[in-house]
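# Fold and contact review
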Amino acid sequence: MKSTSIRKHAILAAAILLLAALLAACGGGTDGQGGAGTVIADANDGGKNEDTAPEAGVSGSLAASGGDAADGAGTETVYPLTVTDETGTEVTLEKAPERVVMLVPSDTEIVYAIGAGDLAAGADEYSTYPPEAADLPKVGDVNTNIEAVLALNPDLVLASASMNHAAIDALRQLGVTVYAADPKTLEETIAHIERLGVLLNRQEGARAVADRMREDIRHVSEKVADAEPVSVYLEFSPGWTVGSGTFLDELVSLAGGVNISGDQQGWFEVDPEAVIARNPQVIIHPDIEGVDFVGGILSRPGWDRIDAVRNNRVAAVSNDPLVRVGPRLTEGLKEIAAALHPERFP
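Every value quoted in this text rests on a predicted model; they were computed, and no experiment measured them.

## Some points on the nonpolar core
Considering soluble globular proteins, one finds that nonpolar side chains tend to be buried as a cluster. In terms of nonpolar packing, the biggest core is built from 60 residues, with Ile114, Leu251 and Ile284 touching the most fellow members. Residue contacts for isoleucine 114: discarding those within four places in its chain leaves Ile193, Leu196, Gly197, Leu200, Arg202, Gly205, Ala206 and Val209. Judged by nonpolar contacts, the second largest core, of 17 residues, contains Val101, Ala121, Val139 and Ile146.

Have a look at this one:
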């Protein structure tokens, strides 16, 4: 009985942490701006050009690396470089970072994806992808162990402006350089990847990731362009669904679906009767070990009358690519598209 109780608590904790991560990924930053921050040339390099990244809702100059962060493929970042992050803080990198600590899994995935894995000095407990990230020294979960971070002697810490605000304040007070971001949309995520490529002097790698993600978007959009939209109910944490203003709602739209909860904003608890009334054609949930989404969905009174249930269109999709605003987000887009329009993604 004791082991069963421990397992139940572990599953509950995992579901709560998933919800926290989703809320943070779609929540507002401390200054209410877009997710990628502003990049400006340090005064020492005399940069005067101002370029705008309209897709990310961010602007700034980056004369040090040949233009906007989104246009820096194949160029070398010139240091010192000063950036303004999501918290409105100017962050100066005197030289190329050599020891980087990541406080959220999405940034860990980005660091490795752009070819900067050799700079990774530590990460949070949930940074398990790519597999080599699991071997990094760990610095806590959603509660960052400040002493563990300091022991790794980082010259740059990457953080989430919404999830890690306490750690950001503590580390900055101790003189640690922290860059915080909070991408909320797919394009802001791509812009954030490109910007980290600039900060870490891995612009070519970042451009390759960004190009691949934009190609994924183009591929899916073309495949579903003339498809009949499919009504969708999403449940990405037990008892919680998602509305407009979130990257998951955006992915559903790009995949040729219509979110039945799109008339509400953000994340909120499920209204079972409203779902029955709106009668979605497809129900999507994440595949999380130990969490019985299907059992919970099928046990709700009246849900057996929903078209998605009657037609056996309750689909599980991979969890991590859809809850981490990183390089695998478009993999999640393709999974959703295949669940909504299987005939177009054989």
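Moving on, there is more to tell.
## Topic: helix H5 (residues 186–199)
Along its 14 residues, H5 runs 20 Å from first to last C-alpha, staying within 8% of the 20 Å computed at 1.5 Å per residue. Most of H5 sits inside the fold, with 14 of its 14 residues counted as buried. Positive phi appears at asparagine 201, one or two residues downstream of H5, with a value of about 60 degrees.

## Some details on helix H7 (residues 247–254)
Quick reminder: α-helices carry 3.6 residues per turn. Residues three or four places apart thus point the same way. Those residues of H7 not exposed but buried are Phe247, Leu248, Asp249, Leu251 and Val252. Positive backbone phi, at 90 degrees, marks glycine 256, one or two positions downstream of H7.

## Overview of the side chain of serine 261
Note on placement: serine 261 falls in the loop between strand E12 (257–259) and strand E13 (267–269). Excluding its chain neighbours within four sequence positions, the residues that come into contact with serine 261 are Thr241, Val242, Gly243, Ser244, Phe268 and Arg278.

## Here's the deal with the environment of glutamate 132
Residue placement: glutamate 132 occurs in the loop between strand E7 (120–123) and helix H3 (146–151). By relative accessible area, which is 43% here, glutamate 132 ends up partly exposed. Glutamate 132 sits 15 residues away from glycine 117 along the chain, and the two C-alpha atoms are 8.9 Å apart.

## Structural notes on unusual backbone geometry
Tyrosine 79 connects to proline 80 through a cis peptide bond whose omega is 5 degrees. Residue position: proline 80 is located in the loop between strand E3 (58–60) and strand E4 (81–84). Cis geometry marks the peptide bond from tyrosine 129 to proline 130, where omega comes out at -5 degrees. Here proline 130 shows up in the loop between E7 and H3.

## Looking at the sheet that holds strand E15 (residues 314–318)
Sheet architecture is open: 4 strands sit in the order E12-E10-E14-E15, paired in parallel fashion. Of all strands in the sheet, those with a lone pairing partner are E12 and E15, marking the two edges. Within this sheet the neighbouring strands show an average axis-to-axis angle of 40 degrees, counted without direction. Bridge count between strand E10 (residues 230–234) and strand E14 (residues 282–287): 3 bridges; the pairing is parallel. Looking at E14, one finds that valine 232 is bridged to valine 282. Packing against the sheet, H7 makes contact with E10 and E12, and its axis sits at approximately 150 degrees to E12.

## Concerning the pattern of salt bridges
The final tally for this structure, using the stated rule, is 22 salt bridges. For glutamate 109, the salt bridge goes to arginine 324, with nearest N and O atoms at 2.9 Å. Taken together, the residues span a long stretch of sequence, with glutamate 109 in helix H2 (residues 105–113) and arginine 324 in the loop between helix H11 (320–323) and helix H12 (329–340) at a distance of 215 residues. Glutamate 109 gets classed as buried once you look at its relative accessible area, which sits at 3%. One salt bridge in this structure joins arginine 207 and aspartate 211, with 3.5 Å as the shortest N-O distance. With arginine 207 and aspartate 211 both in helix H6 (residues 203–224) and 4 residues apart, this pair spans about one turn of that helix. Look at arginine 207 and you get buried, because its relative accessible area is 18%.

Rules used in this analysis
Residues numbered from 1 in each chain as written. Predicted model: local features only at pLDDT ≥ 70, side-chain atom pairs only at ≥ 80, totals over all residues. Heavy atoms only, no water. Core = buried A, V, L, I, M, F, W, Y, C linked by side-chain atoms within 4.5 Å. Buried < 20%, exposed > 50% of the residue type's maximum accessible area, 1.4 Å probe, protein only. Contact = heavy atoms within 4.5 Å. Helix = DSSP H or I, 4+ residues; strand = E, 2+ residues; numbered from the N terminus. Expected span 1.5 Å × (residues − 1). Pairing = 2+ DSSP bridges. Axes fitted to C-alpha atoms, helices over the stretch in contact; angles between N-to-C directions. Salt bridge = Lys/Arg side-chain N within 4 Å of Asp/Glu carboxyl O.

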